[in-house]
Amino acid sequence: MIESLNHWGADSINTRGFGNISMSHLMRYNTPDSLHDQQPISIQDNSLSIVADARLDNREQLLKLLDLCCANPNNISDAQIILTSYQRWDTLCVNYFLGDFAFSIWDKQKRRLFCARDHMGCKPLYYYIDSKQFVFSSEIKSISKLPFVNGDINESWLAYSLCLLTKDKTSTFFKNIQALEPAHTLTIENGKLKKNKFWQLTYEKELVLSNEQEYVEALREKIKESVECRLRSCYPIGSELSGGLDSSFVSALAFSQSTQSFHCFSHVQSANDKRRYFPFKDEEKYISMLCDYIQLPPNNRHQITMEGKGAFDIIHKISRLHNSPALPTQTLYSSGLFEAARETGCRTLLTGFGGDHLVSSYGDGVYSDMIHRNQWGSLWREILDLSKQRRTSVMRHFLSVVLQELYPSFYNSLQKLRGSPPKAITWNSEKARLCIQREFADKHNLPNLLTSNYLYQTHGCVRDRELRKVTSPMLLTRLENGGLFASSYGIDYRHPLLDIRLLEFCLSLPSYLKQKGGVRRYLFRKSMTGVVPIEIQYREDKARHSVPTAISQFTEDKNVLLKSIKNLDSTSTLSRYVNVEKVLKYLEDFAPTEQPKIPLRAIAFSYMIGQHLAKQEHF
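Residues numbered from 1 in each chain as written. Predicted model: local features only at pLDDT ≥ 70, side-chain atom pairs only at ≥ 80, totals over all residues. Heavy atoms only, no water.

Student: Is there a simple way to explain the overall build of the chain in this structure?
Tutor: Check the secondary structure of the chain and you find 27 helices and 18 strands. The C-alpha radius of gyration computed for the chain amounts to 25 Å, which stays within 12% of the reference 25 Å derived for 619 residues, consistent with globular compactness. Projected onto its principal axes, the C-alpha coordinates of the chain cover approximately 75 × 65 × 50 Å. Counting every position in the chain, which comprises 619 residues, the buried fraction comes to 58%. Carbon and sulfur atoms provide 49% of the accessible area of the chain, an area that totals close to 27100 Å². Put simply, the chain has 77 plus and 66 minus side-chain charges, and the middle of one group is 3 Å from the middle of the other. (Helix = DSSP H or I, 4+ residues; strand = E, 2+ residues; numbered from the N terminus. Rg over C-alpha atoms; globule rule 2.2 N^0.38 Å. Buried < 20%, exposed > 50% of the residue type's maximum accessible area, 1.4 Å probe, protein only. Areas by Shrake-Rupley, 256 points an atom, 1.4 Å probe, with all protein chains shown as cover. Lys, Arg positive; Asp, Glu negative; His and termini not counted. Charge placed at Lys NZ, Arg CZ, Asp CG, Glu CD.)

Here it is in structure tokens:
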């Protein structure tokens, strides 16, 4: 089991047994305290033992609370702090932790196994249980390869994934392997498994400050704090820089606060690819602008083109990492970026991912808030400002907003008459149907669920929409898959804009500060003043894709994928789940000289399914 996890070059590997309990740990040195960490760790004559993948962001506070202060705090690892916290507060210890963590503690005296996963799910924890045994791991692969674990497919998970959706926060490709939900603990005691939720992102009351500038300064300080606590490392720090608001702000703050060598890594198209692919564009202009502004040394700027490299090998690597098909996310095309980060010695990579879910949200729903608060004057002024910027009809925009909020059925009827596509994903939209076999979709009631907007809701106030986005299963999928892919290159992915203190703060902000004077993401933009160039701070023309090299990667391997999918269709039961005819047509019609309309992720996922089925049926 432990061998299958070491795909990234562990610095140390240890296994210890405690009767019928066995714990193994693979260590990747990164933070100063990790250099002294030898897990599994035991205290009290082996009565308490732990394995953990953790980074605690409130170490100093915990060291004081636990009376663990010493001359060199770095001699005390995060895992030791967690274990001592359990010794002091029992299972309530999780209420004291901030950061990213997944851990398991064996309590010999109580005959209890206690597991926990961090608030947002940045660190995964999977498990298998039957009447005789319980197995947990940070990766699905190590569990699925065990001889006593049945490899039956979770067809419900598969159906949702073929529509590029995530069913829930616990299901996996394997019917008998589950994920522990974020912000949950799992306890096995007296032969019983019990799960408990220890935290939930909620809105309690609106934050009231004296003036707008106080809000700006408070938000900037919260973001600085969330970035700074993720810079703890003995190695060079890297940051993904796409040129957009989120990554630019994170990169600029990280560079100004980092005590280690700092590097920025960006996806751009090569000069040759820019001539070949039209009208696709990258963010090179804004990437260079930000690097110049913060005076990042030229040798610390890394632009990844992926020229001449295809997607086929990367799709295979994703399958091997999971030992199963995995719903591809944007990190599928980031292998070159991770390789570059590894070559510079970086073991930490910051990302702005997740920011626009809440912290830098666009303020969708602000009109709804104004209407239901009878703030008609504010609504009119806001629409007037936005219409002036976009040079659209004020009255048409105003009526559209009012009808959509107060008379949704009538508004939808008008939209249908005008031939406008529905905003929500429905079964009638191409995005929903993608490559799934219709009979398979009907079996799992997907058409009805999609049409009833069960999964994607586009109504409600600002806070309701933000909560739905930042707690969605899809965001969790991206965290899990992105984190695993990065770790395969020895990289620890860190997400400053998903810090729970920052999320709770932003959820309490007045909604009118999310969009004001026709400026979307208003307060977030204001908090960037002086940190990034004004051209980036108020830009509205972000390129559609953060990874523009995806098109060239698929173009390189289009024919390989066509041939491989045809072969898989003839040698496996792929057509039971996938509309292979549609997949092949997507690929055959793919024209790299145009903005691509083919669902690249769905095609990659379809291939992975066929590959897994062929492997199963062969054996």
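Student: How do you make sense of helix α25 (residues 558–571) when you look at a structure like this?
Tutor: One turn of an α-helix holds 3.6 residues; hence residues three or four places apart share an orientation. Taking 1.5 Å of rise per residue, 14 residues should cover 20 Å, and α25 covers 20 Å from first to last C-alpha, within 8% of that figure. If you check which residues of α25 are buried, you get K558, L561, L562, S564, I565 and L568. (Expected span 1.5 Å × (residues − 1).)

Student: Please explain the pattern of salt bridges as it appears in this structure.
Tutor: Two side chains bearing opposite charge may form a pair once their charged atoms approach each other closely. The full count for this structure, using the stated rule, is 37 salt bridges. Across the salt bridge formed by K224 and E221, the nearest N and O atoms sit 3.8 Å from each other. Of this pair, K224 and E221 both sit in helix α6 (residues 212–228), three residues apart, roughly one helical turn. Residue classification places K224 among the partly exposed positions, given a relative accessible area of 27%. The closest approach of N and O atoms between E225 and R501, which form a salt bridge, is 3.5 Å. (Salt bridge = Lys/Arg side-chain N within 4 Å of Asp/Glu carboxyl O.)

Student: Any chance you could explain the packing of aromatic side chains here in plain terms?
Tutor: How two aromatic rings sit relative to each other is set out by the distance from centre to centre and by the angle between their planes. Counted by the stated rule, this structure contains 22 aromatic pairs. On the basis of an interplanar angle of 55° and a centroid distance of 6.1 Å, the ring pair of F103 and F114 is categorised as tilted. A residue pair is termed long-range when its members are at least 10 positions apart, and F103 in strand β5 (residues 99–107) and F114 in strand β6 (residues 112–117) qualify at eleven residues. F103 gets classed as buried once you look at its relative accessible area, which sits at 1%. (Phe/Tyr/Trp six-rings, centres within 6.5 Å; stacked < 30°, edge-to-face > 60°.)

Student: Help me understand the sheet that holds strand β7 (residues 126–129) in this model?
Tutor: Strand-to-strand pairing in sheets goes through backbone hydrogen bonds, with the strands running parallel or antiparallel. Reading across the sheet, the three strands line up as β8-β7-β9 and stay open at both edges, with antiparallel pairing between neighbours. Of all strands in the sheet, those bounded by a partner on one side alone are β8 (134–137) and β9 (178–179). The sheet contact formed by β7 and β8 spans four bridges and is antiparallel. Looking at the pairing, Y126 lines up with S137 of β8. (Pairing = 2+ DSSP bridges.)

Student: How do you make sense of the nonpolar core when you look at a structure like this?
Tutor: Side chains of nonpolar character tend, in soluble globular proteins, to be buried together. L158, L162, I315, F554, Y577, V578 and I609 are the most contacted members of the largest nonpolar core, which has 82 residues in total. If you tally residues by element for this core, the top one is helix α27 (residues 600–618), at ten residues. Not counting chain neighbours up to four residues away, the residues in contact with Y577 comprise I153, E155, L158, L162, C435, I436, Q437, F440, I609 and L613. Counting 78 residues, the second largest nonpolar core, distinct from the first, contains F249, C291, L503 and L507. (Core = buried A, V, L, I, M, F, W, Y, C linked by side-chain atoms within 4.5 Å. Contact = heavy atoms within 4.5 Å.)

Student: Hey, could you run me through empty space enclosed by the protein in this one?
Tutor: If a probe as big as a water molecule is rolled over the atoms, it shows which places are left empty. Per the counting criterion, the structure on display carries six cavities of 30 Å³ or more. In this structure, the largest cavity spans a volume of roughly 250 Å³. Considering the residues around the largest cavity, the lining is formed by 22 residues, among which W157, S171, T172, E480 and N481 are closest to the centre. Secondary structure elements with two or more residues in the lining of the largest cavity: α5 (155–162) and α20 (473–487). In terms of residue count, α20 provides more of the lining of the largest cavity than any other element does, five residues in total. Lining the second largest cavity we find D57, L98, G99, D100, D118, H119, M120, R230, L498, D499, I500 and R501. Broken down by secondary-structure element, the contributors of at least two residues to the lining of the second largest cavity are β5 and α21 (500–507). For the lining of the second largest cavity, the per-class residue count stands at four nonpolar, two polar and six charged. (1 Å grid on protein atoms, 1.4 Å probe; cavity = no way out; pocket = protein on both sides within 12 Å on 5 of 7 lines; lining within 4 Å. Points joined across faces, edges and corners; volume = space filled by probe spheres on them. Nonpolar A, V, L, I, M, F, W, Y, C, P; charged D, E, K, R; others polar.)

Student: What exactly am I supposed to notice about the sheet that holds strand β15 (residues 348–350) here?
Tutor: Spatially, five strands are ordered β14-β13-β12-β15-β16 in an open sheet, and the strand pairing comes out parallel. Only two strands of the sheet have a single partner each, and these edge strands are β14 (301–304) and β16 (492–494). Across this sheet, the average inter-strand angle for adjacent strands is 25°, counted without regard to direction. The sheet contact formed by β15 and β16 spans three bridges and is parallel. Pairing of L349 across the sheet is with Y493, part of β16. Sitting on the sheet, helix α11 (residues 335–343) is in contact with β12 (237–240), β13 (262–267), β14, β15 and β16, with an inclination near 160° to β13. (Axes fitted to C-alpha atoms, helices over the stretch in contact; angles between N-to-C directions.)

Student: Would you explain the packing of helix α13 (residues 376–390) against helix α14 (residues 394–406) in this entry?
Tutor: The description of two helices packed together rests on the angle between their axes and the distance between the axes. Here α13 crosses α14 at 130°, and the two axes come no closer than 9 Å. Classed by the angle they form, the pair α13 and α14 counts as oblique. Crossing angle aside, the handedness with which α13 passes α14 is right-handed. Along its contact with α13, which presents W376, L379, W380, I383, L384, L386 and S387, the element α14 presents V394, M395, H397, F398, V401, V402 and L406. Counted by class, the contact of α13 with α14 contains twelve nonpolar, two polar and no charged residues. (Parallel < 35°, antiparallel > 145°, perpendicular 65-115°, else oblique. Left-handed = near helix turned anticlockwise from the far one by under 90°.)

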